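Examining the three-dimensional arrangement
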Amino acid sequence: MSPLGRKIAARIEQDGPMRLDTFMALCLTDPEHGYYTTHTDPIGLQGDFVTGPEISQMFGELMGLSLASCWAEQGTPNGAILAELGPGRGTLMSDVLRAASKVPGFRDAVSVHFVEASPRLRAEQARKVPDATWHDTPDSLPDGPLFLLANEFFDALPIRQFVRTGGSWRERVISRDASGGLVPDLADPAPVRALAWRLADTAEGDIVELCEPALEITAMLGARIATAGGAALIVDYGGWRSYGDTVQAMSRHEYVDVFSAPGQIDLTAHVDFEALARAAVPARHSRMETQGVFLERLGVTQRAQALAARAEGEAREAIVTQHHRLTHPDEMGQLFKVLGLFPEGASPPPGLEP
Ligand SMILES: C[S@@+](CC[C@H](N)C(=O)[O-])C[C@H]1O[C@@H](n2cnc3c(N)ncnc32)[C@H](O)[C@@H]1O
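Residues numbered from 1 in each chain as written. Predicted model: local features only at pLDDT ≥ 70, side-chain atom pairs only at ≥ 80, totals over all residues. Heavy atoms only, no water.

**With respect to the domain arrangement of the protein**
For the protein, the domain assignment lists domain 1 (3-35 + 160-209) and domain 2 (39-156 + 213-241 + 268-342). Tallying the contact residues gives 8 residues for domain 1 and 12 residues for domain 2. On the domain 1 side of the interface with domain 2, the three residues burying the most area are Met24, Tyr35 and Trp197, jointly 62% of the side's total. Summed over the shared surface of domain 1 and domain 2, the number is 1 salt bridge. The salt bridge partner of Asp201 is Arg241, with a shortest N-O separation of 3.0 Å. The tally of links between domain 1 and domain 2 comes to 1 residue pair in polar contact (both at pLDDT 80 or more). Sorting elements by how many residues they give to the side of domain 1 that touches domain 2 places helix α2 (residues 20-29) first, with 3 residues. (Domains from an automatic or database assignment. Contact = heavy atoms within 4.5 Å. Buried area = accessible area lost by both parts, 1.4 Å probe. Salt bridge = Lys/Arg side-chain N within 4 Å of Asp/Glu carboxyl O. Polar contact = N/O pair within 3.5 Å; in protein donor to acceptor, adjacent residues only side chain to side chain. Helix = DSSP H or I, 4+ residues; strand = E, 2+ residues; numbered from the N terminus.)

**Here's the deal with the site of the ligand**
Taken together, 19 residues are adjacent to the ligand, and Thr51, Gly86, Gly88, Glu116 and Asn151 come closest. For the ligand, whose unbound accessible area comes to 590 Å², protein coverage reaches 93%. By residue class, the composition of the shell around the ligand is 11 nonpolar, 5 polar and 3 charged. (Near = heavy atom within 4 Å. Areas by Shrake-Rupley, 256 points an atom, 1.4 Å probe, with all protein chains shown as cover. Nonpolar A, V, L, I, M, F, W, Y, C, P; charged D, E, K, R; others polar.)

**A short note on the sheet that holds strand β13 (residues 266-268)**
Pairing between sheet strands relies on hydrogen bonds along the backbone, with the strands arranged either parallel or antiparallel. Reading across from one edge, β12-β11-β13 is the order of the 3 strands in this open sheet, with antiparallel pairing throughout. Only two strands of the sheet have a single neighbouring strand rather than two, namely β12 (254-256) and β13. Averaged over all pairs of adjacent strands, the angle between their axes in this sheet comes to 40 degrees, without regard to strand direction. (Pairing = 2+ DSSP bridges. Axes fitted to C-alpha atoms, helices over the stretch in contact; angles between N-to-C directions.)

**Observations concerning the nonpolar core**
Judged by nonpolar contacts, the single largest core of 56 residues is most densely connected at Ile8, Phe23, Leu85 and Phe154. Per-element tally for this core: the top contributor is α2, with 6 residues. (Core = buried A, V, L, I, M, F, W, Y, C linked by side-chain atoms within 4.5 Å. Buried < 20%, exposed > 50% of the residue type's maximum accessible area, 1.4 Å probe, protein only.)

**Observations concerning the packing of aromatic side chains**
For the structure on display, the rule yields 6 aromatic pairs. Relative to Trp134, the ring of Phe114 has its centre 5.7 Å away and its plane inclined at 65 degrees; by these criteria the two rings are edge-to-face. With Phe114 in strand β3 (residues 110-115) and Trp134 in strand β4 (residues 133-135), the pair connects residues that are 20 residues apart, well separated along the chain. Judged by relative accessible area, which is 0%, Phe114 ranks as buried. Given a relative accessible area of 22%, Trp134 falls into the partly exposed group. (Phe/Tyr/Trp six-rings, centres within 6.5 Å; stacked < 30°, edge-to-face > 60°.)

Next up, the structure:
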């Protein structure tokens, strides 16, 4: 077992079964052994997974133009905050800034803010965007109209899981087996206030997930955007309304057992976009769109053609492949979704229909 696995097993021995959100939080951000705290370079071909901005510059460029046009539509406010949650290697923001700087006045009107848990990734982000300011949590983002990006951030937040049992729920927890290994278990049935409404659309034995940190963050973002203006583009894998067990572990681009190596593998869960949209009220939300359609509406095909026209041989082939990976339904185009948040009276970010 990994060192963090032993630490978790010892804690279960002492305190009893552990909730899944506690387990996920330890696996991802334990200060000593957490995946994001210890891995030098989890993202990219040499790491464990690849993200949209790491596939192609087109991803960030189009998101940047979408956000910058929200800024222009809302009257080109000065002192605006351009923020990213979980900026990874800083690639997305550097592509966003390059493209959005073509919108007159945008670059001078915004200051860049990153919310990042990993000290190692912070150092990498500083190389790409040296004038950014870093924050531990979104609460400390400064006041002002807030233009925010989050790509594959919400999937990394710890979730709880519940199994429907009659009129109440049994929480899925983690226990130790006879040999000290970690095994899934169920807590006693209890009512869960936040899931009371899900009794209407679930049946005995169904699993529902709840990501409390995501709801808190989105509630704060929604309140800010509704009052100070701005917009948010949230991109992630998931769907509209949580249903079933979606926790997954990834190592070296392969799915692996969730309990196999705590702290050494990436753990995520699908994002429930309906829950985010509900939490963001009084901000308005767009329809949830697939990444493929979102990027197509923003002109990804024309952008790919323009880039390909300037490239030759393998470089040109690579652009075709990147376009396919970002947009095709069998790749990221269908699984990944985009949700926009915006204030009353504003339009949804371009690429998202009202
Ligand atoms: C899957 S990566 C996505 C990186 C980047 N957005 C991209 O698209 O390449 C998740 C990012 O969120 C950060 N992160 C994960 N959990 C976090 C937390 N609780 N608070 C702040 N940052 C977090 C990670 O360190 C990493 O930068």
